[in-house]
Amino acid sequence: MMRDGRGVALDFSVGRCLHGSAMGWESRMRYAAGPARNDLGLGAVLVRPDGVVAWAGDRDPDREAFERAAGRWFGSPAT
């Protein structure tokens, strides 16, 4: 998922709650949603292009915290 040099937002939440937020960075990160075999108790993970986890949210991920982390690593969202 990272061969093109973009980061990845993995959304394991039931309601895909980060979808709208992640679309602001769609040119700089890929968004993937769905269940994981072992989500380690997380609801979402933001992975930098170098493979390092930049942010992780619990079962009910905080959209504002995700957006702050995405902004820190990927710049301002597209408008």
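Located above this text is the structure these notes cover.
Source: prediction; values computed, not measured.

Caption draft 1: Examining the overall build of the protein chain more closely. A tally of helices and strands in the protein chain yields two helices and four strands. The helix and strand sequence of the protein chain, counted from the amino end, reads β-α-β-β-β-α. In terms of overall size, the protein chain behaves like a compact globule, its C-alpha atoms giving a radius of gyration of 11 Å where 79 residues would be expected to give roughly 12 Å. Across its three principal directions, the C-alpha atoms of the protein chain cover 30 × 25 × 15 Å.

Caption draft 2: Focus on unusual backbone geometry. Residues other than glycine seldom take positive phi values, yet R16 does so here, at roughly 50°. With respect to the helices, strands and loops of the structure, R16 is situated in the loop between β1 (7–11) and α1 (19–22). Its identity as a non-glycine residue notwithstanding, L40 has a phi of 55°, on the positive side. Its place among the elements puts L40 in the loop between β2 (29–33) and β3 (44–47).

Caption draft 3: Just the side chain of S13, in detail. Among the secondary structure elements, S13 is positioned in the loop between β1 and α1. For S13, the side chain forms a polar contact with the main-chain nitrogen of C17, separated by 3.1 Å. Not counting residues up to four positions away in its chain, the partners in contact with S13 are G43, R59 and P61.

Caption draft 4: Broad picture of the environment of A56. Relative to the helices and strands, A56 resides in strand β4 (residues 53–57). The exposure class of A56 is partly exposed, given its relative accessible area of 42%. Those residues in contact with A56 that lie beyond four places of it in its chain are L42, A44 and V45.

Rules used in this analysis
Residues numbered from 1 in each chain as written. Predicted model: local features only at pLDDT ≥ 70, side-chain atom pairs only at ≥ 80, totals over all residues. Heavy atoms only, no water. Helix = DSSP H or I, 4+ residues; strand = E, 2+ residues; numbered from the N terminus. Rg over C-alpha atoms; globule rule 2.2 N^0.38 Å. Polar contact = N/O pair within 3.5 Å; in protein donor to acceptor, adjacent residues only side chain to side chain. Contact = heavy atoms within 4.5 Å. Buried < 20%, exposed > 50% of the residue type's maximum accessible area, 1.4 Å probe, protein only.

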